[in-house]
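# Summary of structural features
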Amino acid sequence: MRSLRTGLSLAALFTGAVMLFASPAAHAADTPLRDLAAAKGKVIGTAVTGSKLTGTYGDIAGAQFSSLTPGNAMKWETVEPTQGSFNWSEADQIVAFAQAYNQQVRGHTLVWHSQNPSWLTNGTWTSAQLSSLLQNHISTEVGRYKGEITAWDVVNEPFNEDGTYRSTLWYNGLGANYMAQALTWAHAADPAAKLYINDYNVEGVNAKSTALYNLVKSLKAQGVPIDGVGLQAHLVLGQVPATLQQNIQRFADLGVDVAITELDVRMALPADATKLAQQKADFKSVVAACVAVARCVNVTAWGFTDSDSWVPGTFPGYGAATPYDENYAPKPAYYGIAEALGGTTTTPPTGACSATYGVSSQWNTGFTGQVTISCSGASLSSWKATWTYGAGQQITQAWNATCAQSGSAVSCANASYNGSVPDGGSVTFGFNASWTGSNPVPVVTLG
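A short tour of the structure in this document, coming up. (Residues numbered from 1 in each chain as written. Predicted model: local features only at pLDDT ≥ 70, side-chain atom pairs only at ≥ 80, totals over all residues. Heavy atoms only, no water.)

## So, the overall build of the protein
The criterion, for reference: Only runs of H or I of at least four residues qualify as helices and only runs of E of at least two qualify as strands under DSSP, and these elements are numbered from the N terminus. The reference for a compact globule is 2.2 Å times residues^0.38; the radius of gyration itself is calculated from the C-alpha atoms. Contacts are assigned to residue pairs with any non-hydrogen atoms lying within 4.5 Å of each other. The protein chains shown are the only cover counted for residues, whose accessible areas, like all others here, come from Shrake-Rupley with a 1.4 Å probe. Under this rule, positive means Lys or Arg and negative means Asp or Glu; His and the chain ends count for nothing. Where a charge lies is defined by one atom per residue type: Lys uses NZ, Arg uses CZ, Asp uses CG and Glu uses CD.
Along the protein, the regular secondary structure elements total 13 helices and 19 strands. Here the C-alpha atoms of the protein give a radius of gyration of 24 Å, agreeing with the 22 Å that 2.2 N^0.38 yields for 447 residues. C-alpha extents for the protein along the principal axes are approximately 75 × 45 × 35 Å. For the protein, the proportion of contacts with a sequence separation of at least 24, taken over those separated by at least 6, is 77%. Only carbon and sulfur atoms are counted for the fraction: they give 51% of the accessible area of the protein, which is about 16900 Å². The distance from the centre of the 23 positive side-chain charges to the centre of the 29 negative ones in the protein is 4 Å.

Written as structure tokens, this is what we have:
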């Protein structure tokens, strides 16, 4: 639905987290989500930012998910910023990554009222000109990735909340038939790709979802190529519609596939153990509803880490909407997904604090690192992080902590001003260090 948050890509990012009050490190389920989903005949996906597909972000995206959706890379303003001039760089990057990890790609999106280039939105077009522009854009983009995209969100968000058609450049200029035309052109460009109409607030049975249902029924009756519906599922904590599974089933009964395309569950910040437990239940409920319907084929999260979520920038005071926290540690929501897919998981204990080690930049003789200490359902009045380097690394400078090193053993304690870590809060300290040859990740212990 919306932009993933963009951010600076780290040259190298390695992390290791240990939970306070628990002997094992926080870890994802033993069986990756993609394997659990495959065993159920489903696909589990995530939206991604192409520039971040390195380091830990790339490792998680590749290992856990069987489908990728470009968050912004295939939208009109990105791929055709100037009329007739196309930029495929990030889209190509995501497709190549998916192919390397044996993943599907979900194309997003061809016809939308938002994130269009100014030359298009500010132009004065006749209906014939607008139709030609749309056909050319669809034919070019879908044609470029023929055979490489499993499914396309062809039309995105065509309805108002009351089920009437949204007033957009396309509806105003071409009438409601623009959707049938777009689907027909996309099918001509790649007959093998599955073609979807995608919208939000259509997860339960309501006026908007019924309008979508009637549209799909009408398109099928006309012989228009429509293969599926996308239910975005941008949800609020504790508000999964009771009629979700019923709604999925009624679309499936029309003879189309259903996908949960942009799942996240936002909460009022700060997060705490109670909210995270409810979020786990919500993710589990949504995935279970999909598992229960044979023609529900894909569940895609709109970003898997809170550091890449659109929510805080759009809903002030809300966030923590994804299955992983900002330090790439799996949250209870992750385990809710795994359990709905039939996995047996050990959820990290509630009331825990973690220390996450990272390297933000690295050069031939040294590197800059940091450790973030965060708490959920617990708090600290002081802290100490310890680790042992395995390749002769030596800390040369530290800030926001008092660090000492004896041989390979490092101990860093809080400064006088940052010993307190509240429930839902975090503190970070940094350091410079030297290295030669290799820089393996140490195991950090928080005490």
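## Here we look at the packing of aromatic side chains
As a reminder of what qualifies: Whether two aromatic rings pair depends on their centres lying within 6.5 Å, for rings of Phe, Tyr and Trp, where Trp uses its six-membered ring; planes under 30 degrees apart make the pair stacked, over 60 edge-to-face, and the rest tilted. Per-residue accessibility, obtained with a 1.4 Å probe over protein chains only, is compared with the maximum for each type, and a residue is labelled buried under 20%, exposed over 50%, and partly exposed between these values.
Evaluation of the coordinates by the stated rule reveals 23 aromatic pairs. Relative to Tyr-165, the ring of Phe-159 lies with its centre 5.1 Å away and its plane at 20°, an arrangement referred to as stacked. A centroid spacing of 5.7 Å and a plane angle of 35° characterise the contact between Trp-387 and Phe-431, whose relative ring orientation is tilted. In this pair, Trp-387 sits in strand β14 (residues 384–388) while Phe-431 sits in strand β18 (residues 426–434), placing the two residues 44 residues apart along the sequence. The pair Trp-387 / Phe-431 is uniform in exposure class, with both members buried. Chaining the aromatic ring pairs together yields one cluster made of Tyr-57, Phe-65, Phe-304, Tyr-324, Tyr-328, Tyr-334 and Tyr-335.

## Focus: the pairing of strand β9 (residues 257–268)
Spelled out, the test is: Any two strands with at least two DSSP bridges between them are considered paired. The handedness of a crossover follows from its direction of travel: if, with the strands pointing away from the viewer, the path from the first strand over the helix to the second runs clockwise, the crossover is right-handed.
Across the twelve residues that make up β9, a large majority, eleven, are buried. Where strand β7 (residues 228–231) meets β9, four bridges bridge the pair, whose relative direction is parallel. Paired with Val-229 across the bridge in β9 is Val-258. Judged from the three bridges that link them, strand β8 (residues 234–236) and β9 form a sheet pairing that is parallel. Paired with Leu-235 across the strands is Val-265, a residue of β9. Running through helix α10 (residues 244–252), the crossover from β8 to the neighbouring parallel element β9 is right-handed. Bridge count between β9 and strand β10 (residues 296–301): four bridges; the pairing is parallel. Pairing of Ala-259 across the sheet is with Asn-298, part of β10.

## Thoughts on the nonpolar core
Note on soluble globular proteins: their nonpolar side chains tend to be buried together. Put simply, the test is: Put simply, a nonpolar core is a bunch of buried Ala, Val, Leu, Ile, Met, Phe, Trp, Tyr and Cys residues held in one set by side-chain atoms that sit within 4.5 Å of each other.
Counting residues in hydrophobic clusters, the biggest one holds 92 residues, and the most contacted among them are Ile-138, Trp-152, Val-154, Trp-170, Ile-248, Ile-260 and Leu-263. Counting residues per element, this core draws most heavily on helix α8 (residues 178–189), which supplies eight residues. Trp-170 has contacts with Trp-76, Val-111, Trp-112, Asn-116, Leu-120, Leu-130, Leu-134, Gly-175 and Tyr-178, leaving out every residue within four places of it along the chain. Counting 26 residues, the second-largest nonpolar core is a separate cluster that includes Leu-380, Tyr-389, Ala-401 and Phe-431.

## Some words on empty space enclosed by the protein
This is how it is decided: The way it works is a 1 Å grid over only the protein atoms, where trapped points that fit a 1.4 Å probe form a cavity and open points with protein on both sides within 12 Å along at least five of seven lines form a pocket, and then any residue with an atom within 4 Å of a point lines it. Grid points are joined across faces, edges and corners, and a volume is the space filled by probe spheres set on the points. Each residue gets one of three labels, nonpolar for Ala, Val, Leu, Ile, Met, Phe, Trp, Tyr, Cys and Pro, charged for Asp, Glu, Lys and Arg, and polar for the others, Gly among them.
The tally for this structure, following the rule as stated, stands at one cavity of 30 Å³ or more. Considering the residues around the largest cavity, the lining is formed by Val-111, Trp-112, His-113, Val-155, Asn-156, Glu-157, Thr-168, Trp-170 and Tyr-178. Class assignment for the residues of the lining of the largest cavity results in five nonpolar, three polar and one charged.

## Structural notes on the state of the cysteines
Stated formally: Note on terminology: disulfide denotes any pair of cysteine sulfur atoms within 2.5 Å.
For the structure shown, the criterion picks out three disulfides. The disulfide that involves Cys-290 links it to Cys-296, with 2.1 Å between the sulfurs. Disulfide Cys-290-Cys-296: torsion about the S-S bond near -105°, hence left-handed. Each of the two residues, Cys-290 as well as Cys-296, counts as buried. With a sulfur-sulfur separation of 2.1 Å, Cys-353 is cross-linked through a disulfide to Cys-375. Disulfide Cys-353-Cys-375: the torsion about the S-S bond is 110°, which places it as right-handed. One end of the pair, Cys-353, is in strand β12 (residues 352–362); the other, Cys-375, is in strand β13 (residues 366–376), with 22 residues separating them in the sequence. Classification of Cys-353 as buried rests on a relative accessible area of 0%. Residue class for Cys-375 comes out buried when judged on its relative accessible area of 5%.

## A few points about the environment of Gly-163
Within the secondary structure, Gly-163 sits in the loop between β5 (151–156) and α7 (169–174). Separated by 44 residues in sequence, Gly-163 and Ala-207 place their C-alpha atoms 5.3 Å apart. The residues contacting Gly-163, other than those within four sequence positions of it, are Ala-207, Lys-208 and Ala-211.

## Brief notes about the side chain of Arg-266
Under the convention used in this document: We count a salt bridge whenever a side-chain nitrogen from Lys or Arg sits within 4 Å of a carboxyl oxygen from Asp or Glu.
Tracing the sequence through the fold places Arg-266 in strand β9. Although buried, Arg-266 forms no salt bridge, and the nearest oppositely charged side chain, Asp-264, lies 5.2 Å from it.

## Concerning the pattern of salt bridges
Following the criterion strictly, the structure yields nine salt bridges and no others. The partner of Asp-153 in a salt bridge is Arg-106, with the nearest N and O atoms 2.9 Å apart. You can see Asp-153 sitting in strand β5 and its partner Arg-106 sitting in strand β4 (residues 104–111), a full 47 residues away along the chain. Residue classification places Asp-153 among the buried residues on the basis of a relative accessible area of 1%. The partner of Asp-199 in a salt bridge is Lys-208, and the shortest N-O contact between them spans 3.4 Å. Note on Asp-199: relative accessible area 0%, which makes it buried. Its relative accessible area of 0% is what places Lys-208 among the buried residues. In this structure, a network of salt bridges that share partners links the residues Glu-161, Asp-199 and Lys-208.

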